[in-house]
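Structural description and commentary
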Protein chains: 2
Amino acid sequence: MGYGNVSERLKQPPQVGVSVVILALDPDSEHGRLWLPLVRRVRQPFLGCWALPGGDIRADRTLAQSAYEALESTTDLHPSYLEQLHAFGGPDRSHGGLPMVSIVYWALVGQAEAGDFAEADNVRWFPEDELASLDIAFDHREIIAYALDRLRTRIEYPDIAAKLVGPTFTLRQLHGVYEAITGTVLDLPNFRRKMLGSGELEETGDVLREGRHRPAAVYRYVPRKDAPAHPYAYAISGSRLAELDARVRAIAQRDTADAERGADDLSALTTE
Amino acid sequence: MGYGNVSERLKQPPQVGVSVVILALDPDSEHGRLWLPLVRRVRQPFLGCWALPGGDIRADRTLAQSAYEALESTTDLHPSYLEQLHAFGGPDRSHGGLPMVSIVYWALVGQAEAGDFAEADNVRWFPEDELASLDIAFDHREIIAYALDRLRTRIEYPDIAAKLVGPTFTLRQLHGVYEAITGTVLDLPNFRRKMLGSGELEETGDVLREGRHRPAAVYRYVPRKDAPAHPYAYAISGSRLAELDARVRAIAQRDTADAERGADDLSALTTE
DNA sequence: TCAAAAGTGTTCAGGATACACCCATGT
DNA sequence: ACATGGGTGTATCCTGAACACTTTTGA
């Protein structure tokens, strides 16, 4: 595996990997803040630091599938939304002189899905506002910042928020998500009109009782047929999720060894 | 260079390259349509087909710089705007079994800059609406479609249009660009108010006379300090362009041989 | 019956649209 | 003088923000 000296490595074809920024709502803090899982690096460089989950790219998968799979094998999460964020490269990423390119996806998981996940030693959820004091590997801090910025600015009514909050929700819950994400205060009456007016919310018929006051109607998100939103996004829902899961599992059985290397994003270039 | 059989190649790390979709206004058609340069492939696969200009990624350059450089070495164009579009990968791109990832940028050049370019045998400009009848390599047809869609939808007033039309322009010219890009009809009086109101247009003092009617005031585009637009975009202007040019030229002198391989995007994997 | 949240109505300001109109110029 | 495009004014519509208000529930 050893490459030659640094100037020789500059000529090498770059390594490529996928990484994923997974965002969810922190269920503990009641006023809704975002948090995300990071994995602890078990190799140099940045040994012991926290990094985005990631993995390799394989020729027989889509990039999005590779990202999805990397996520599964490292965190057991099944995101309901996955979209390519950006490809990162350049000289400052070339640790040890070998060029490194990461194709970064961002994912959203609902609170229910995030609950699935049993916290392991080397994977942990961090609230957004506690990242500052953390040792973060590579340029992953910037990448996370970029993902958060994207979430806040590219937020299109009401799909993104619906994916974060879970399959069903009251309008107040959805409202809370918006306020948490944008950091602004939104007039609740206007908010509900806007949401309902989008034609993408459907009443489930249920109501949620949670206090000595009028119960709230429960809605679900139903995407409209038009409005393609982001063409290369990868909204996983219902049958498509099942299909993808099956496919990923089949592959995983065949070569578990490969899949387990998921957490070692970028590690190949550092076995010096 | 030879790899083993197909199943062995599946395990190889993917090849990575940059490609660029360069968009400009066709000066011939007076009602303003878009066109773009493509390069003819001189190797298998898709020998003789037309492909996006592209090149390799080097560890000592930014991805954007790699794209810029690939563009220079293949087409002599100096785009005034360069932004990452998307990274493409996946099984359908694995010609010969070797995984291939392309990081695609899109670029805008003004009519003046497009004029610099002397048309060579293996590089030619094609109007947007003549692509259908063309033999296009790889999935570059889809990529072009995606870039055009992005141009049409992500158009933010008035920066993008200003970059297409050139350094100075009349409001009618700018108006024409908008209509050409969006394919819609825009009320001219309202358009001019909106543009002027944006505070990003500055009168040059010149006027353009071109008929037996009142001459039009000539404007230039002046970006405002706030409004960061796209964080990872790469707007090249003035001093930054010069600096980049110098750096690229210095590198090019040192290893011209490498730079000249720019047009052979993806070709490495096909030397069977 | 009262607190608390669900949900509705109404007003208002600012922006976008549509289009009528005047202004400057070359022939 | 008149045709042609440059440029301005203005009525109207629509959306979003602000906020007063009514309704429904549990205690």
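That block above? That's the structure.
Residues numbered from 1 in each chain as written. Chains lettered and ligands numbered in written order. Predicted model: local features only at pLDDT ≥ 70, side-chain atom pairs only at ≥ 80, totals over all residues. Heavy atoms only, no water.

Summing up its helical and strand segments, chain A has 9 helices and 11 strands in all. Taking all 272 residues of chain A together, 51% fall into the buried category. Long-range contacts, defined as pairs at least 24 residues apart, comprise 67% of the intrachain contacts of chain A with a sequence gap of at least 6. Of the accessible surface of chain A, which amounts to about 13,100 Å², a share of 50% is contributed by carbon and sulfur atoms. (Helix = DSSP H or I, 4+ residues; strand = E, 2+ residues; numbered from the N terminus. Buried < 20%, exposed > 50% of the residue type's maximum accessible area, 1.4 Å probe, protein only. Contact = heavy atoms within 4.5 Å. Areas by Shrake-Rupley, 256 points an atom, 1.4 Å probe, with all protein chains shown as cover.)

The environment of DNA strand C is made up of 21 residues, and the closest members are A:Arg172, A:Arg193, B:Asn190, B:Arg212 and B:Pro215. Within 4 Å of the protein, the contacting atoms of DNA strand C are drawn from sugar and phosphate to the extent of 61%. The contact in question runs from a sugar or linking oxygen of DNA strand C to an N or O atom on the side chain of A:Arg192, over 3.1 Å. At 3.5 Å from a sugar or linking oxygen of DNA strand C is found a side-chain nitrogen or oxygen belonging to A:Arg212. Considering each element in turn, the surface near DNA strand C owes the most residues, 4 residues, to helix α7 (residues 188-197) of chain B. (Near = heavy atom within 4 Å. Polar contact = N/O pair within 3.5 Å; in protein donor to acceptor, adjacent residues only side chain to side chain.)

Further remarks concern helix α6 (residues 171-182) of chain B. Residues and elements named next belong to chain B. Taking 1.5 Å per residue, 12 residues should reach 16 Å; α6 reaches 16 Å between its end C-alpha atoms and fits that length. The set of residues buried in α6 consists of Leu-171, Leu-174, His-175, Val-177, Tyr-178, Ala-180 and Ile-181. One or two positions beyond α6, positive phi appears at Gly-183, with a value near 75 degrees. (Expected span 1.5 Å × (residues − 1).)

Glancing now at the protein's contact with DNA strand D. Around DNA strand D there are 20 residues in total, and A:Asn190, A:Arg212, B:Arg172, B:Arg193 and B:His213 lie nearest to it. Backbone atoms, meaning sugar plus phosphate, form 59% of the atoms of DNA strand D positioned within 4 Å of the protein. Taking B:Arg192, its side chain carries an N or O atom lying 3.2 Å from a sugar or linking oxygen of DNA strand D. A distance of 3.5 Å separates a sugar or linking oxygen of DNA strand D from a polar backbone atom of B:Pro215. Within the residue set of the surface near DNA strand D, elements represented by two or more residues are α7 (188-197) of chain A together with α7 and β10 (216-221) of chain B. Among the residues forming the surface near DNA strand D, the class breakdown is 6 nonpolar, 4 polar and 10 charged. (Nonpolar A, V, L, I, M, F, W, Y, C, P; charged D, E, K, R; others polar.)

Take the pattern of salt bridges next. It is possible for side chains bearing opposite charge to pair when their charged atoms get close. Across all of its chains, the model carries 14 salt bridges over all chains by this definition. The structure contains a network of salt bridges with shared partners spanning A:Asp26, A:Arg33 and A:Asp129. (Salt bridge = Lys/Arg side-chain N within 4 Å of Asp/Glu carboxyl O.)

What follows deals with the packing of aromatic side chains. Tallying each qualifying case throughout the model produces 12 aromatic pairs over all chains. Between A:Tyr178 and A:Phe191, the aromatic rings sit 5.2 Å apart at their centres with planes inclined by 65 degrees, giving edge-to-face as the arrangement. Of this pair, A:Tyr178 sits in helix α6 (residues 171-182) while A:Phe191 sits in helix α7; the two residues are 13 residues apart in sequence, bridging distant segments of the chain. Taken as a pair, A:Tyr178 and A:Phe191 share a single burial class, namely buried. Residues B:Trp50 and B:Phe126 carry aromatic rings whose centres are separated by 4.9 Å and whose planes lie at 70 degrees to one another, so their mutual orientation is edge-to-face. (Phe/Tyr/Trp six-rings, centres within 6.5 Å; stacked < 30°, edge-to-face > 60°.)

Moving on to the environment of A:Ser66. By the secondary structure assignment, A:Ser66 is in helix α2 (residues 63-75). With 49 residues separating them in the primary sequence, A:Ser66 and A:Gly17 have C-alpha atoms 9.0 Å apart.

As a further point, take the sheet that holds strand β9 (residues 201-208) of chain B. Residues and elements named next belong to chain B. Spatial strand order, β8-β10-β9: 3 strands in an open sheet with antiparallel pairing. Each of the sheet's edge strands pairs with one partner strand only, and the pair in question is β8 (168-170) and β9. Across the sheet, the mean angle from the axis of one strand to that of its neighbour is 40 degrees, orientation sign disregarded. Where β8 and β10 come together, 3 bridges link them in antiparallel fashion. By the bridge assignment, Thr-168 is partnered in β10 with Arg-220. Contacts between α6 and the sheet are confined to β8, β9 and β10, with β8 contributing the most and set at about 90 degrees to the helix. (Pairing = 2+ DSSP bridges. Axes fitted to C-alpha atoms, helices over the stretch in contact; angles between N-to-C directions.)

Further remarks concern the packing of α6(A) against α7(A). Residues and elements named next belong to chain A. As a packed pair, α6 and α7 sit with axes 10 Å apart at the nearest point and diverge in direction by 105 degrees. The angle between α6 and α7 falls in the class roughly perpendicular. Between α6 and α7, the contacting residues are Leu-171, Arg-172, Leu-174, His-175 and Tyr-178 on the first element and Leu-188, Phe-191, Arg-192, Met-195 and Leu-196 on the second. (Parallel < 35°, antiparallel > 145°, perpendicular 65-115°, else oblique.)

With that out of the way, let us pick up the sheet that holds strand β9 (residues 201-208) of chain A. All names here are of chain A. The strand order across the open sheet built from 3 strands is β8-β10-β9, with neighbouring strands paired in antiparallel fashion. Edge positions in the sheet fall to β8 (168-170) and β9, since each of these pairs with one other strand and no more. Within this sheet the neighbouring strands show an average axis-to-axis angle of 40 degrees, counted without direction. Contacting β8, β9 and β10 (216-221), α6 runs over the sheet at an angle of about 90 degrees to β8.

Before going further, it helps to spend a moment on the pairing of β10(B). Here 5 bridges tie β9(B) to β10(B), and the two strands are oriented antiparallel to one another. The residue bridging B:Glu203 from the neighbouring strand is B:Tyr219, located in β10(B).

Time to look at the environment of B:Phe191. Residue and element names in this part refer to chain B. For Phe-191, a relative accessible area of 3% corresponds to the buried category. Along the chain, Phe-191 and Arg-172 lie 19 residues apart, while their C-alpha atoms are 9.3 Å from each other. With residues up to four places along the chain from it excluded, the contact list for Phe-191 reads Leu-171, Leu-174, His-175, Tyr-178 and Leu-186.

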